Number of protein chains: 2
Amino acid sequence: MTTAELYNSYKEQMRRIADIKYASALLQWDQETYLPSKAAPIRGQQIATLSELSHQLFTDEKLGALLKELSERKELHEDEQKNVSLTLEDYSKNKKYSTEFVRKMSEQTNKTFHAWIEARKQDSFSVFEKDLAALIELKKQETDILGYEKHCYNALLNEFEKGCTVELLDKTFSGLLPSLKELLDKITAKEQVDNSFLKQNFPKQDQWSWGMHLINKLNFDFNAGRQDISEHPFTINFSSTDVRITTRVDENNLSNMTWSCIHETGHALYEQGLPETEYGLPLGEAASLSIHESQSRLWENNVGRSLAFWRYYLPELQQYFPKQLGNVSLHTFYKGINKVEPSLIRTEADELTYHFHVFIRYELEKKLIEGSIQAKDIPAFWNEHYQKYLGVSPANDKTGCLQDIHWSHGSFGYFPTYSLGSFYAAQLFSFVKRNIVDLDTQLEHGKTESLLTWLKKNVYRYGRKYTSEELCTKITGKPLDIKEFMDYLLQKYTKIYIL
Amino acid sequence: MTTAELYNSYKEQMRRIADIKYASALLQWDQETYLPSKAAPIRGQQIATLSELSHQLFTDEKLGALLKELSERKELHEDEQKNVSLTLEDYSKNKKYSTEFVRKMSEQTNKTFHAWIEARKQDSFSVFEKDLAALIELKKQETDILGYEKHCYNALLNEFEKGCTVELLDKTFSGLLPSLKELLDKITAKEQVDNSFLKQNFPKQDQWSWGMHLINKLNFDFNAGRQDISEHPFTINFSSTDVRITTRVDENNLSNMTWSCIHETGHALYEQGLPETEYGLPLGEAASLSIHESQSRLWENNVGRSLAFWRYYLPELQQYFPKQLGNVSLHTFYKGINKVEPSLIRTEADELTYHFHVFIRYELEKKLIEGSIQAKDIPAFWNEHYQKYLGVSPANDKTGCLQDIHWSHGSFGYFPTYSLGSFYAAQLFSFVKRNIVDLDTQLEHGKTESLLTWLKKNVYRYGRKYTSEELCTKITGKPLDIKEFMDYLLQKYTKIYIL
């Protein structure tokens, strides 16, 4: 076969595998948005069957041989070569898993998800514990399947962020946390800002309308996506022409809906901006989770909590809620939405204390996977560490260790990418601001198109071509530099709190 | 292997195939309810991949060998034997199709569906014509693949109703139509009833609330299903614990929403009542399309257009629409909802003229499949025959030959089951009324539970164990007897029109 024929055959096989994976993703989306309750067990089984099938296809020896053959062909274009080498990497990793293990994991994940839903309803960790323990057991097995150096948790970290290790993260957090603590103490010593205006009654339907308006203005393409309601906001895609986000509405707090909409839109713009022609191939996928998160955070925080942004949007928001916000001035609003305050819920945390949440979860996961603590110890560990690092204690499990969906999805090793995302976002945004010199003025006029165009050109269009570090270096001229993040925080809070 | 082991292996394989088929069904449901427009082509491809996969699994020679082996084991229980023999039948039929043909059909069906959506938007048959012609060509090929005796259309009729033939249908329609025409003429000669109260403005949200209320009262299980909005109402299921119905709302006509809700609920109660333990097996599926339709029609017409039913429900309906319906008396309402009047839209037709719609479509399909007319001839044929049989002419294609979704799904040979469904419904309902002697009194009090229990016991729980004819005979003591349907119409309209 000619190289072109070989490459087409590879593309065709990857397309089929993607069709099945995305079908499975739709079943999951549906499970978290519209599934009737009695269907939960069968849905889990249906998803498991599709996982098993796509795994079977993606570990087919013939595909392996094709990939090896292709990887030796020199006539491939650079991007084609990259697709092949990344696919070969994925293939080799997938070969480590038995189909039986994939099915078991999928079924256990599904059970654990429903246990989590039920546990939240009953506000009781013990309802979740048994299934979570079984899942952690599978995750431990997975570390052996994947293999690792030094710490077993590295195997899982590497799944979400290539090259990420306990060593690196320990070093990063131990460098960062003292600076964050110092800044937090300075802020705490100052007069506190008021954000009570966010905690009035905001009717559901009005919040929904506002959120949809905002998303639309931020250029989320509703012909290539939609928004729905779910227990926990998320972004999921079934192609770059079908990217779906979800949100949740708290009638007594405007923050949840507003910034979850902006956050998920950040993810979605990335997915909608990936090259459609690379469907099913690495170059049609996001670079990494941390870069994904850098996109959501950049919009949520660097843009969506900036003074310039709200200079334009506050008057619009006030039209939706004249009674509640008509008298709130821009500066009161800006300070309020950036209030720093240790709190219980990660997704509602400010940009500073957020990273303590991630750190606690990271510590906890590390210990669960290495086996030094067990599932049953989670609530105690959780509460103790929240007290220690943030000085707060959850009154119940729902606002404590049951708050996040990730474990119930089997995502252990995922949380550090949230912090990395913030760090990358700060570095990227500071670079963008130097490149689009009137960006602030544009934001003040509600214009985000040139930012989006810049991101499309510099981030989205490459797909997985570059690793996080490579992409960061390519764009900003240097690898991840936490100092950029600290500078961003210092600058922001110095003005707000007059430090 | 022991027989029990063999049977378990068979069940397990069928479960896997069902998982894939139902995943594909979810992709289709999503396509007709929530899919963003740009995703249409890729969604078609994703569905085609799943069709191809389930076809591959269901035509696996090893499954065939297993089925043959099992069919010779005498130790199986009666129901197990039935499952195996029906599966072997399905298997043998599926073996006739090549995987390539299945994929082609799936892709063409998808294209045709989107062409239909677009053609309706533009109100132009010509937008639909090319894809429909390609689909008809595939359907002709399918008749050769399946094989047939006498008329090629028999091959397709048999797909939807085992044993159904042109010969039988020609005989049935030529027996029925003159009687219907005679009754229609008698009615036309009488003073006409007024149904203008149904054609006022009924706000969408209020109609939706009313529909949801009604469905709920009819014991649709919302923990095992849901209702959404789509272009064309339908029922679809992904297990008996997840049965979804859709409806559409016309602000200027209350009928569409109300009776589509009852109709689809009739389908859904059947699906929700199928034995969950038989998931993926014939005994977990509906007996046939005509029996399925008998269930929807029984609720829609025999129950849902009866005086007793509305004696209870009219006051409830009036609470939703006091302004529009507060002054409408029960008898005016009852007569109005049973008004006989030749019209353009099948789904809105009365119980008498409905069958002319089916007959015209049947004649048309027969000619399209035998090749005596072509896709391009459809609008002319359609309009001419509507004039001839019903004395009406559509002003445009949207209310003419573009009105139904079925062709765009590749469903040729389907429509006759609609008429058969009405006939079976009449026969079943007349039998039920003799068995639940106070059924009218129960309906007058809004009680439909004992009717539902009766249907569960006599229809739902058997799945595909009996053919339509067998089931009808088992229940009513005789095969389908069209006279029961004519008697039902005569009795009803004699009272309403004082014939």
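Residues numbered from 1 in each chain as written. Chains lettered and ligands numbered in written order. Predicted model: local features only at pLDDT ≥ 70, side-chain atom pairs only at ≥ 80, totals over all residues. Heavy atoms only, no water.

A. Structural context of the overall build of chain A. In terms of helices and strands, chain A carries 21 helices and 3 strands. In terms of overall dimensions, chain A is globule-like: its C-alpha atoms have a radius of gyration of 23 Å, near the 23 Å expected for 499 residues. The burial tally for chain A puts 61% of its 499 residues in the buried class. Once local pairs closer than 6 in sequence are excluded, the contacts in chain A between residues at least 24 apart make up 73%. Averaging the coordinates of the 60 positive side-chain charges in chain A and doing the same for the 69 negative ones gives two points 2 Å apart. (Helix = DSSP H or I, 4+ residues; strand = E, 2+ residues; numbered from the N terminus. Rg over C-alpha atoms; globule rule 2.2 N^0.38 Å. Buried < 20%, exposed > 50% of the residue type's maximum accessible area, 1.4 Å probe, protein only. Contact = heavy atoms within 4.5 Å. Lys, Arg positive; Asp, Glu negative; His and termini not counted. Charge placed at Lys NZ, Arg CZ, Asp CG, Glu CD.)

B. Quick look at helix H2 (residues 40–58) of chain A. Under the 1.5 Å per step criterion, the end-to-end length of H2(A) is 27 Å for 19 residues, consistent within 8% with the ideal 27 Å. Among the 19 residues that make up H2(A), 16 are buried, leaving the element largely enclosed by the rest of the structure. (Expected span 1.5 Å × (residues − 1).)

C. How the structure looks around the domain arrangement of chain A. Residue and element names in this part refer to chain A. Considered domain by domain, chain A is made up of domain 1 (3–150) and domain 2 (166–497). Taken together, the contact pairs 42 residues of domain 1 with 45 residues of domain 2. Interface of domain 1 and domain 2: buried area, both sides summed, is about 3,900 Å²; carbon and sulfur atoms make up 62% of it. Interface area lost by domain 1 to domain 2 is led by Tyr22, Arg120 and Phe125, which between them contribute 19%. Taken together, the connections running from domain 1 to domain 2 amount to 5 salt bridges. Where Glu78 meets Lys465, a salt bridge forms, and the shortest distance between an N and an O atom there is 3.3 Å. For the side of domain 1 that touches domain 2, the secondary structure elements donating two or more residues are helix H1 (3–33), helix H4 (78–95), helix H5 (99–122) and helix H6 (125–146). (Domains from an automatic or database assignment. Buried area = accessible area lost by both parts, 1.4 Å probe. Salt bridge = Lys/Arg side-chain N within 4 Å of Asp/Glu carboxyl O.)

D. Layout of the relation of the copies chain B and chain A. Mapping chain B onto chain A leaves a residual RMSD of 0.0 Å; the transformation is a rotation of 180 degrees accompanied by 0.0 Å of translation along its axis. Given the turn and translation reported, the copies of this chain are related as if by a two-fold rotation axis. Among all C-alpha atoms of chain B, that of Ala23(B) lies closest to the rotation axis, at 3.5 Å. The residues that chain B uses at the interface reappear at the interface of chain A in 100% of cases, marking a shared surface. (Least-squares fit on C-alpha atoms with pLDDT ≥ 70 in both.)

E. Summary view of the nonpolar core. All names here are of chain B. Counting residues in hydrophobic clusters, the biggest one holds 121 residues, and the most contacted among them are Trp299, Trp310, Phe333 and Leu352. Sorting elements by how many residues they give to this core places helix H17 (residues 416–435) first, with 10 residues. Here this core spans two domains, and each of domain 1 (3–160) and domain 2 (166–372 + 406–497) adds at least three residues to it. Ignoring any residue separated from it by four or fewer positions in sequence, one finds Trp299 in contact with Leu218, Ile262, Gly266, Leu269, Gly304, Thr448, Leu451, Leu452, Leu455 and Tyr460. (Core = buried A, V, L, I, M, F, W, Y, C linked by side-chain atoms within 4.5 Å.)

F. Molecular detail of the packing of helix H3 (residues 61–71) of chain A against H4(A). Residue and element names in this part refer to chain A. Taken N-terminus to C-terminus, the directions of H3 and H4 make an angle of 145 degrees; their axes are 10 Å apart at the nearest point. For the pair H3 and H4, the crossing hand works out as left-handed. On the side of H3, the interface is formed by Glu61, Leu63, Gly64, Leu67, Lys68, Leu70 and Ser71, while H4 contributes Val84, Thr87, Leu88, Tyr91 and Lys95. (Axes fitted to C-alpha atoms, helices over the stretch in contact; angles between N-to-C directions. Left-handed = near helix turned anticlockwise from the far one by under 90°.)

G. Seen up close, the packing of aromatic side chains. Evaluation of the coordinates by the stated rule reveals 69 aromatic pairs over all chains. Ring centres 5.0 Å apart and planes at 85 degrees place the aromatic pair Phe202(B) and Phe321(B) in the edge-to-face group. Of this pair, Phe202(B) sits in the loop between helix H8 (166–189) and helix H9 (204–217) while Phe321(B) sits in the loop between helix H12 (307–320) and helix H13 (322–325), and the two are 119 residues apart along the sequence. Their ring planes at 70 degrees and their centres at 4.9 Å tell us that Phe220(B) and Phe222(B) sit as a pair that is edge-to-face. Every member of this aromatic cluster is reached through a ring pair, and the members are Phe197(A), Trp210(A), Trp259(A), Phe309(A), Trp310(A), Tyr312(A), Tyr313(A), Tyr320(A) and Phe333(A). The positively charged end of Arg361(B) is found above the aromatic ring belonging to Trp407(B), 4.4 Å away from the centroid. It is Arg361(B) that lies over the ring of Phe415(B); its NZ or CZ is 4.2 Å from the centre. (Phe/Tyr/Trp six-rings, centres within 6.5 Å; stacked < 30°, edge-to-face > 60°. Lys NZ or Arg CZ within 6 Å of the ring centre and 35° of its normal.)

H. The arrangement of the side chain of Ser422(B) in detail. All names here are of chain B. Counting through the fold element by element, Ser422 comes out in helix H17. By relative accessible area, which is 7% here, Ser422 ends up buried. Sequence-distant contacts of Ser422, defined by excluding residues within four places in its chain, comprise Arg297, His355 and Phe485.

I. Representation of the sheet that holds strand E2 (residues 235–237) of chain A within the structure. All names here are of chain A. The sheet built from 3 strands is open, its strands ordered E1-E3-E2 with mixed pairing. Each edge of the sheet is formed by a strand with only one pairing partner; in this case those strands are strand E1 (225–229) and E2. Geometrically, the sheet is characterised by an average inter-axis angle of 20 degrees between neighbouring strands, direction not taken into account. Inspection of the sheet shows E2 paired to strand E3 (residues 243–247) by 3 bridges, in the antiparallel sense. (Pairing = 2+ DSSP bridges.)

J. The pairing of E3(A), seen in detail. Residue and element names in this part refer to chain A. Where burial is concerned, most of E3 is hidden: 5 out of the 5 residues are buried. Where burial is concerned, the two faces of E3 agree: the one with Val243, Ile245 and Thr247 and the one with Arg244 and Thr246 are both buried. Inspection of the sheet shows E1 paired to E3 by 5 bridges, in the parallel sense. Looking across to E3, one finds that Gln227 is bridged to Ile245.

K. Broad picture of the sheet that holds strand E2 (residues 235–237) of chain B. Residue and element names in this part refer to chain B. Taken in spatial order, the 3 strands line up as E1-E3-E2 in an open sheet, and their pairing is mixed. The strands lining the two open edges of the sheet, one partner per strand, are strand E1 (225–229) and E2. Put simply, the sheet's adjacent strands are angled 20 degrees from each other on average, direction ignored. Of the strands in this sheet, E1, E2 and strand E3 (243–247) are in contact with helix H1 (residues 3–33), which crosses E1 at around 35 degrees.

L. Main features of the packing of helix H17 (residues 416–435) of chain A against helix H20 (residues 468–476) of chain A. All names here are of chain A. Packing of H17 against H20 brings their axes to within 10 Å, and their N-to-C directions diverge by 20 degrees. One way to sum up the angle between H17 and H20 is to call them roughly parallel. Considering the relative orientation of H17 and H20, their crossing is left-handed. On the side of H17, the interface is formed by Tyr424, Gln427, Leu428 and Phe431, while H20 contributes Ser468, Glu469, Cys472, Ile475 and Thr476. (Parallel < 35°, antiparallel > 145°, perpendicular 65-115°, else oblique.)

M. Summary view of the interface of chain B and chain A. Between chain B and chain A, the residue contacts involve 38 residues of the former and 38 residues of the latter. Counting the surface chain B buries against chain A, the share from its top three residues, Arg16(B), Tyr34(B) and Lys38(B), is 16%. Linking chain B with chain A are 8 salt bridges. Of the charged contacts in the structure, one is a salt bridge between Glu52(A) and Arg16(B), with a shortest N-O distance of 2.1 Å. Inspection of the chain B/chain A interface yields 20 residue pairs in polar contact (both at pLDDT 80 or more). Contributions of two or more residues to the side of chain B that touches chain A are made by H1, helix H2 (40–58) and E1 of chain B. The leading source of residues in the side of chain B that touches chain A is H1(B), at 10 residues. Of the residues belonging to the side of chain B that touches chain A, the class tally is 17 nonpolar, 9 polar and 12 charged. (Polar contact = N/O pair within 3.5 Å; in protein donor to acceptor, adjacent residues only side chain to side chain. Nonpolar A, V, L, I, M, F, W, Y, C, P; charged D, E, K, R; others polar.)

N. Geometry of unusual backbone geometry. Although it is not a glycine, Lys150(B) adopts a positive phi angle of roughly 60 degrees. Its place among the elements puts Lys150(B) in the loop between helix H6 (125–146) and helix H7 (153–160).

O. Broad picture of the pattern of salt bridges. In this structure the tally under the stated criterion is 76 salt bridges over all chains. Note that Lys162(B) is salt-bridged to Glu89(B), the shortest N-O span being 2.8 Å. Of this pair, Lys162(B) sits in the loop between H7 and H8 while Glu89(B) sits in helix H4 (residues 78–95), and the two are 73 residues apart along the sequence. What makes Glu89(B) partly exposed here is its relative accessible area of 40%. Notably, a salt bridge pairs Lys366(B) with Asp170(B), separated by 3.0 Å at the nearest N-O pair. Remark: Asp170(B) occurs in helix H8 and Lys366(B) occurs in helix H15 (residues 354–370); sequence separation between them is 196 residues. The class of Asp170(B) is partly exposed, set by a relative accessible area of 29%. Three or more residues joined by partner-sharing salt bridges are found here, namely Arg16(A), Glu52(B), Arg103(B) and Glu107(B).

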